[in-house]
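Survey of secondary and tertiary structure
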Amino acid sequence: MSEKFTDDLFDLKNDRRLSVYLYRAGFGSWLLYIVSGARFMHSLSTYRTDFGVFSFFLMVMGLSASMIYDYYHHPAEFEQKKKWLAFSYLVLAGLIYFFILHHDSVSLPSFPRPSLF
């Protein structure tokens, strides 16, 4: 591997390849998520949730990397993607909180209600 290849790969401002690789890896992880639900893949079924969350993580990182390129070269696309990125980070945080950290769902406090009688 030449130094030129790695320099270009991590030059997110001028090169989209890293974001494309992250999207492809996320798609591959998503395919593992789907296949791990089949009976013949029973040995991987315990990792099914992990595959799904990791897929979403890779897709969000691919979006983040592509936004750096769009910031410099396509400002209109950057403004559109900015809202989706914020929403994606919120969904990713929720997935990690509930599925990976195994926390119970958030319960709303019961407020005392004034009785009519």
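One structure accompanies this document, and this report is about it. The residue numbering used here restarts from 1 in each chain and proceeds along that chain's sequence as written. With the structure being a predicted model, the display of local features is reserved for residues of pLDDT at least 70 and the display and counting of side-chain atom pairs for 80 or more, all residues being used for whole-chain, interface and lining totals. Only heavy atoms go into the side-chain values, all of them from the structure, while hydrogens and water stay out.

**Some words on the overall build of the protein chain**
On a plain count of helices and strands, the protein chain comes out with 4 helices and 0 strands. Listed by position from the N terminus, the elements making up the protein chain come as α-α-α-α. Expressed as a percentage of its 117 residues, the buried residues of the protein chain come to 22%. Accessible surface is estimated by sampling points in the Shrake-Rupley manner with a 1.4 Å probe; for residues, cover comes only from the protein chains shown. If you sum the accessible surface of the protein chain, you get close to 9,000 Å²; carbon and sulfur atoms cover 66% of it. Comment: elements are numbered from the N terminus, with helices defined as DSSP H or I runs of at least four residues and strands as E runs of at least two. Here's how the labels work: a residue is buried when its accessible area is under 20% of the maximum for its type, exposed when over 50%, partly exposed in between, all with a 1.4 Å probe on protein chains only.

**As for the packing of helix H2 (residues 17-35) against helix H3 (residues 48-73)**
Relative orientation of the contacting elements H2 and H3 amounts to 165°, with a least axis distance of 8 Å. Here H3 runs roughly antiparallel to H2, going by the angle between their axes. You can see that H2 and H3 cross each other, and the crossing is left-handed. Taking contact as the criterion, the partners of Ser19, Leu22, Tyr23, Ala25, Gly26, Phe27, Ser29, Trp30, Leu32, Tyr33 and Ile34 in H2 are, on H3, Arg48, Phe51, Gly52, Phe54, Ser55, Leu58, Met59, Met61, Gly62, Leu63, Ala65 and Ser66. Classification used: nonpolar for Ala, Val, Leu, Ile, Met, Phe, Trp, Tyr, Cys and Pro, charged for Asp, Glu, Lys and Arg, polar for all others including Gly. Of the residues contributing to the contact of H2 with H3, the split by class is 15 nonpolar, 7 polar and 1 charged. Interaxial angle, 0 to 180 degrees, is taken between N-to-C directions of lines fitted to C-alpha atoms, where a helix line uses only the stretch in contact. With respect to orientation, any angle under 35 degrees is reported as roughly parallel, any angle over 145 as roughly antiparallel, any angle of 65 to 115 as roughly perpendicular, and every other angle as oblique. Left-handed describes a crossing whose near helix is turned anticlockwise from the far helix through less than a right angle; right-handed describes the clockwise counterpart. Note on contacts: a residue pair qualifies if any of its non-hydrogen atoms lie within 4.5 Å across the two residues.

**Overview of the nonpolar core**
Definition used in this section: a nonpolar core is a set of buried Ala, Val, Leu, Ile, Met, Phe, Trp, Tyr and Cys residues joined via side-chain atoms within 4.5 Å. Counting residues in each nonpolar core, the largest one holds 6 residues, listed as Val60, Leu63, Met67, Phe78, Leu85 and Leu92. Residues in contact with valine 60, not counting those within four places in the same chain, are Leu85, Ser88, Tyr89 and Leu92.

**Looking at the environment of isoleucine 96**
Mapped onto the fold, isoleucine 96 is located in helix H4 (residues 75-100). For isoleucine 96 and aspartate 50, which are 46 residues apart along the polypeptide, the C-alpha to C-alpha distance reads 9.4 Å. Non-local contacts of isoleucine 96, meaning those with residues more than four positions away in its chain, are made with Val53 and Leu101.

**Section: the pattern of salt bridges**
By definition here, a salt bridge exists when the distance from a side-chain nitrogen of Lys or Arg to a carboxyl oxygen of Asp or Glu is within 4 Å. Applying the stated criterion across every chain, the model contains 4 salt bridges. A salt bridge links arginine 17 to aspartate 15; the shortest N-O distance between them is 2.8 Å. For arginine 16, the salt bridge is made with aspartate 70, and the minimal N-O distance between the two is 2.6 Å. Note that arginine 16 is positioned in the loop between helix H1 (3-9) and H2 and aspartate 70 in helix H3, a separation of 54 residues in sequence. Classification of aspartate 70 as buried rests on a relative accessible area of 0%.

**Quick look at the side chain of serine 19**
Inspection of the secondary structure puts serine 19 in helix H2. Each residue touching serine 19, except ones within four places of it in the same chain, is listed here: Gly62, Ala65 and Ser66.

**Re a nonpolar patch on the surface**
Only residues above 30% relative accessible area that lack a salt bridge enter a patch, with like-charged residues linked at up to 9 Å and the nonpolar side chains Val, Leu, Ile, Met, Phe, Trp and Tyr linked at up to 5 Å. Together, Phe27, Trp30, Leu31, Ile34, Val35 and Phe40 give the surface a local cluster of nonpolar side chains, amounting to about 580 Å² of exposed area. Residue leucine 31 is classed as partly exposed on the basis of its relative accessible area of 37%.

**Comments concerning the packing of aromatic side chains**
For Phe, Tyr and Trp, where Trp contributes only its six-membered ring, two rings pair if their centres lie within 6.5 Å, and the inter-plane angle classes them as stacked under 30 degrees, edge-to-face over 60, or tilted in between. Following the criterion strictly, the structure yields 6 aromatic pairs and no others. Aromatic side chains tyrosine 71 and tyrosine 72 sit 5.1 Å apart centroid to centroid with 85° between the ring planes, which places their arrangement in the edge-to-face category. Ring geometry for tyrosine 71 against phenylalanine 78: centres 5.1 Å apart, planes inclined by 75°, an arrangement best described as edge-to-face. Given a relative accessible area of 49%, tyrosine 71 falls into the partly exposed group. Under the relative-accessibility criterion, phenylalanine 78 is labelled buried at 15%. A connected cluster of aromatic rings, assembled from ring pairs, spans Tyr71, Tyr72 and Phe78.

Purely geometric numbers; function is a separate question.
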